[in-house]
Amino acid sequence: MTELMLHHYAGSPFSEKIRLILGFKGLAWQSVTVPVICPKPDVLALTGGYRRTPFLQIGGDIFCDTALICEVIEARQPAPSLFPPQSAGAERILAQWADRSLFWAAASYTLQPAGAAAIFAGAPPEFRAAFAADRALMTAGSERPSGLDAAAELQSYLSWLDAMLLDGRPFLQGCAASVADFAVAQSIWFVRLAPPVAGILEPFERLTAWFERVAAFGHGQRGKSDSQTAIELARSVGPQEPVSVPAGLGFELGEKVRVSASDYARDPVCGELVGLSQGRISVRRVDERAGLLHVHFPRIGYALRKI
Ligand SMILES: N[C@@H](CCC(=O)N[C@@H](CS)C(=O)NCC(=O)O)C(=O)O
């Protein structure tokens, strides 16, 4: 089986969601560290323009967005499941809320000046300025909450989550962990990275105990690789994931298309459509270094347009 290569960086909350899921599943994977800010030439060689973190590479198949990465990991290693039957679908809805509402509240709250000082401790001041400029460009057009807005929002969200655990259940959806636990955990993990502001978690003892349980899954068996090796692997293996474009979805096989995130970091990926379903978009592109690639996106949250 071609190995899993996770392109990520240590301080990325969405990457932590996937690292914990790899631990939950007991999987072995290769770690490729990507730059925290643009430029990211080796990332773009593989994705064709998508700059968000993380993405998963399996040979010449590139999977963007953690919602899709969860589905791919689940298909590869079904047990223990991220979507246990007793959660009855609610785990996906909770995970989507956590990836959007909870994440932005937690990130904005944590990156207020006192928290940012801890997150960027040891980094040169130029890096902080470059990070702020990079993220401002990436989120241009969307209003970010102020520190006070974010604190108020996060307080409410933490109390909602804590209340879910009131009956003593070990995980958010009951006895079994699900994708919801990992999607929520990434935000709690990020707040905890900044001790000067992490006191907001203290009143929520059940949530703290739950977080320790999720964190105990660990990160699986992690090997170390690099972007050059990843690009060579893509070129030698090529895409293997089955794809098709059934009739009736409004697009034709081979049509030239553009795919971009509909919320932020909207940099487009252009290519020929090779796969489409209710859940997934797959685009074929050729990179001069990485060769023939299929870049896959979730259908939800991405705009697909004919060029
Ligand atoms: N919906 C995306 C969001 C990913 C995301 O926003 N990741 C952050 C890092 S945690 C990011 O891409 N930041 C900009 C960057 O890394 O270039 C997902 O689920 O993968």
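Considering the nonpolar core
- With 76 residues, the main nonpolar core has Ile 21 and Val 184 as its most contacted residues.
- Mapped onto the domain boundaries, this core takes at least three residues apiece from domain 1 (5-80 + 222-306) and domain 2 (85-215).
- Val 184 has contacts with Ala 98, Leu 102, Leu 161 and Leu 172, leaving out every residue within four places of it along the chain.

Looking at the site of the ligand
- Every residue near the ligand is listed here: Ser 12, Pro 13, Phe 14, Arg 51, Arg 52, Thr 53, Asp 65, Thr 66, Ala 67, Asp 99 and Met 138.
- For the shell around the ligand, the secondary structure elements donating two or more residues are helix H1 (13-25) and helix H3 (66-76).
- Its residues assigned to classes, the shell around the ligand shows four nonpolar, three polar and four charged.

Examining the domain arrangement of the protein chain
- Assigned domains of the protein chain: these are domain 1 (5-80 + 222-306) and domain 2 (85-215).
- Each of domain 1 and domain 2 was reduced to a C-alpha centroid, and the two centroids are 24 Å apart.
- Counting from both sides, the interface comprises 15 residues of domain 1 and, opposite them, 19 residues of domain 2.
- Of all the elements, H1 adds the most residues to the side of domain 1 that touches domain 2, at seven residues.
- When grouped by side-chain class, the residues that make up the side of domain 1 that touches domain 2 number twelve nonpolar, one polar and two charged.

Some words on the sheet that holds strand S10 (residues 302-306)
- The mixed open sheet is built from ten strands, whose spatial order is S5-S2-S1-S3-S4-S9-S8-S7-S6-S10. This sheet does not close on itself; its edge strands, each paired only once, are strand S5 (221-224) and S10. In this sheet, neighbouring strand axes are inclined to one another by 35° on average, regardless of whether the strands run parallel or antiparallel.
- The sheet contact formed by strand S4 (residues 61-64) and strand S9 (residues 291-298) spans three bridges and is parallel. Pairing of Phe 63 across the sheet is with His 296, part of S9.
- Sheet strands touched by helix H10 (residues 227-237): strand S1 (5-8), strand S2 (28-33), strand S3 (55-58) and S9. Its angle to S9, the strand with the most contacts, is close to 100°.

Here we look at the packing of H1 against helix H8 (residues 179-192)
- Between H1 and H8, the shortest axis-to-axis distance is 8 Å and the interhelical angle comes to 125°. When the axis of H1 is compared with that of H8, the two are oblique. In this structure, H1 meets H8 at a crossing whose hand is right-handed. Here H1 contributes Pro 13, Phe 14, Glu 16, Lys 17, Leu 20 and Ile 21 to the contact with H8, which in turn contributes Phe 182, Ala 183, Ala 185, Gln 186, Ser 187, Trp 189 and Phe 190.
- A class-by-class count of the residues in the contact of H1 with H8 yields nine nonpolar, two polar and two charged.

Parameters at a glance
- Residues numbered from 1 in each chain as written.
- Predicted model: local features only at pLDDT ≥ 70, side-chain atom pairs only at ≥ 80, totals over all residues.
- Core = buried A, V, L, I, M, F, W, Y, C linked by C-beta atoms within 7 Å.
- Buried ≥ 20, exposed ≤ 12 C-beta atoms within 10 Å, placed from the backbone.
- Domains from an automatic or database assignment.
- Contact = placed C-beta atoms within 7 Å.
- Near = placed C-beta within 6 Å.
- Helix = DSSP H or I, 4+ residues; strand = E, 2+ residues; numbered from the N terminus.
- Nonpolar A, V, L, I, M, F, W, Y, C, P; charged D, E, K, R; others polar.
- Pairing = 2+ DSSP bridges.
- Axes fitted to C-alpha atoms, helices over the stretch in contact; angles between N-to-C directions.
- Parallel < 35°, antiparallel > 145°, perpendicular 65-115°, else oblique.
- Left-handed = near helix turned anticlockwise from the far one by under 90°.

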